[in-house]
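Listed below, chain by chain, are the residues.
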Amino acid sequence: MTERLYYQDTYCREFEAQVVSCTEGKNRFEVVLDRTAFYPEGGGQPGDTGCLVFNGTEINVFDTHEKNGDVVHYTDRQVQAGAKVSGKIDWQHRFDLMQNHSGEHIVSGLIHERFGYQNVGFHMGKDMITIDFDGDFSVQDMKEIELRANETVWADVPVQIQNCTEEEVSAMEFRSKKELHGTIRIVTFPGADVCACCGTHVKRTGEIGLIRLISLQKFRNGVRMEMLCGRKALLYTEQICEQNRLISVALSAKPVQTAEAVERLKALSAETAYRLAGLEEKVFNERAKILTGAGDVLLFEENLSPEGVRKLAAAVMETCGGRCVVCSGEDGAGYKYAIGQKDGDLRQTVKQFNAACSGRGGGKPFFAQGSVNAARTEIEKFWEKGV
């Protein structure tokens, strides 16, 4: 079995080892060492990445897993069994995982303490951590938990790790997702969490730096929460602040008043849209009066919304005494259409139009809407047939 240096020293970044085996598999080459500081994927924590150095050449380690008691390093090049190698883990990647995994413990422990809920799903993704809980709580509750979690960070207390026997843990209270046997590793964040865990963690809570609880949504019989810790939380917060800065500049509002400015802009936009709709309706009614008794009508209008196309066709069909076809769009991008005929039956005509002009759409016998991917000349040619 592989000697696991990450349990002896979580901060071990480089080490010397001997290659036990190297086999070609689905994931390029699978290298087993006699000892390693690479943590294999497990418990929701991704495997470490980095490189092995052999005779001055770096061999990329792009993932690490556990198999039959050994740590398997997935590499992009072969290395002979028996070779002496140096291992280097990607420390930024590892420390990000340590910060986020440690922060997850604190948050899950505090939620368990307050509500009694269990962490039933945990995933450390590239951009976000997700945690699933088997009960419901509010965004306000989440904010309160976030404050308590960061107070644990600010306290900068040592993280305690114990390797216990089954008999020893029988008298202990701790979180665990499954029944455990053999040597059981208990990780304690004083005042926040006691949990059985095989992952890597920081030595002191202060190293987590920052805990941000980002979103909360209903999920199955409970909730799913997104969170970030440490460097990733800082980078995410910087992105949010920059977006807010750009919005504040665009709206001429103070950074802490952008929400109010957006609400004012939304109200103004709604008022403007209402006024435009009224003006548009007047224009459409005037157009319908002009086309009274015109019979079949084909109209091409610029920059109409699908609703505008519908309203114009509906208005003109009431007065023209025939079939009204309204199209809005441009060659290359296609055209939206609406077709109406008072007391008419357009079903077959619409079907033929869609077939001839690469369109799709439908509606009621006397009125239909859709779109076509055809040039204006093709549309005009179809309706000139007098179908």
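As shown above, the structure is provided for reference.
This report concerns the structure included in the present document. (Residues numbered from 1 in each chain as written. Predicted model: local features only at pLDDT ≥ 70, side-chain atom pairs only at ≥ 80, totals over all residues. Heavy atoms only, no water.)

**Quick word on the pattern of salt bridges**
Going through the model one piece at a time under the given rule, you end up with 22 salt bridges. One salt bridge connects R4 with E66, and the closest N-O pair in it is separated by 2.9 Å. You can see R4 sitting in strand β1 (residues 3-4) and its partner E66 sitting in strand β6 (residues 57-67), a full 62 residues away along the chain. By relative accessible area, R4 is classed as buried at 15%. Note that D296 and R323 form a salt bridge whose closest N and O atoms lie 3.6 Å from each other. A residue pair is termed long-range when its members are at least 10 positions apart, and D296 in strand β16 (residues 295-300) and R323 in strand β17 (residues 321-330) qualify at 27 residues. Connected through shared salt-bridge partners, R114, D141 and E144 make up one network. (Salt bridge = Lys/Arg side-chain N within 4 Å of Asp/Glu carboxyl O. Helix = DSSP H or I, 4+ residues; strand = E, 2+ residues; numbered from the N terminus. Buried < 20%, exposed > 50% of the residue type's maximum accessible area, 1.4 Å probe, protein only.)

**A word on the side chain of T237**
Within the fold, T237 resides in helix α5 (residues 230-251). Here the side chain of T237 touches A233 through a polar contact of 2.8 Å, landing on its backbone oxygen. Those residues in contact with T237 that sit more than four places away from it in its chain are L210 and R212. (Polar contact = N/O pair within 3.5 Å; in protein donor to acceptor, adjacent residues only side chain to side chain. Contact = heavy atoms within 4.5 Å.)

**Structural notes on the nonpolar core**
In terms of nonpolar packing, the biggest core is built from 51 residues, with V107, I211 and M225 touching the most fellow members. The residues contacting I211, other than those within four sequence positions of it, are G103, I106, V107, E146, A149, N150, V153, M227, L228 and C229. Grouped together as the second largest cluster of nonpolar side chains are 17 residues, L299, L304, V309 and A338 included. (Core = buried A, V, L, I, M, F, W, Y, C linked by side-chain atoms within 4.5 Å.)

**Focus on helix α3 (residues 139-155)**
An ideal rise of 1.5 Å per residue puts 24 Å on 17 residues; α3 measures up with 24 Å between its terminal C-alpha atoms. Where α3 is buried, its residues touch α2 (91-115), β14 (211-219) and β15 (222-229). Looking one or two residues beyond α3, the residue adopting positive phi is D156, at roughly 50°. (Expected span 1.5 Å × (residues − 1).)

**Digging into the packing of helix α8 (residues 347-356) against helix α9 (residues 376-384)**
Packing of α8 against α9 brings their axes to within 11 Å, and their N-to-C directions diverge by 145°. Here α8 runs over α9; the crossing is right-handed. Here T349, Q352, F353 and A356 of α8 come into contact with α9, specifically with I379, F382 and W383. Residues of the contact of α8 with α9, tallied by class, amount to five nonpolar, two polar and no charged. (Axes fitted to C-alpha atoms, helices over the stretch in contact; angles between N-to-C directions. Left-handed = near helix turned anticlockwise from the far one by under 90°. Nonpolar A, V, L, I, M, F, W, Y, C, P; charged D, E, K, R; others polar.)

**Points about the sheet that holds strand β9 (residues 119-124)**
The strand order across the open sheet formed by four strands is β9-β10-β15-β14, and the pairing between neighbours is antiparallel. In this open sheet, the two edge strands, each paired with only one partner strand, are β9 and β14. With strand direction ignored, the average angle separating the axes of adjacent strands in the sheet is 20°. Judged from the five bridges that link them, β9 and strand β10 (residues 129-133) form a sheet pairing that is antiparallel. Along β10, the bridge assignment pairs H123 with T130. Packing against the sheet, α3 makes contact with β14 and β15, and its axis sits at approximately 150° to β14. α5 contacts β14 and β15 of the sheet and is inclined by roughly 90° relative to β15. (Pairing = 2+ DSSP bridges.)

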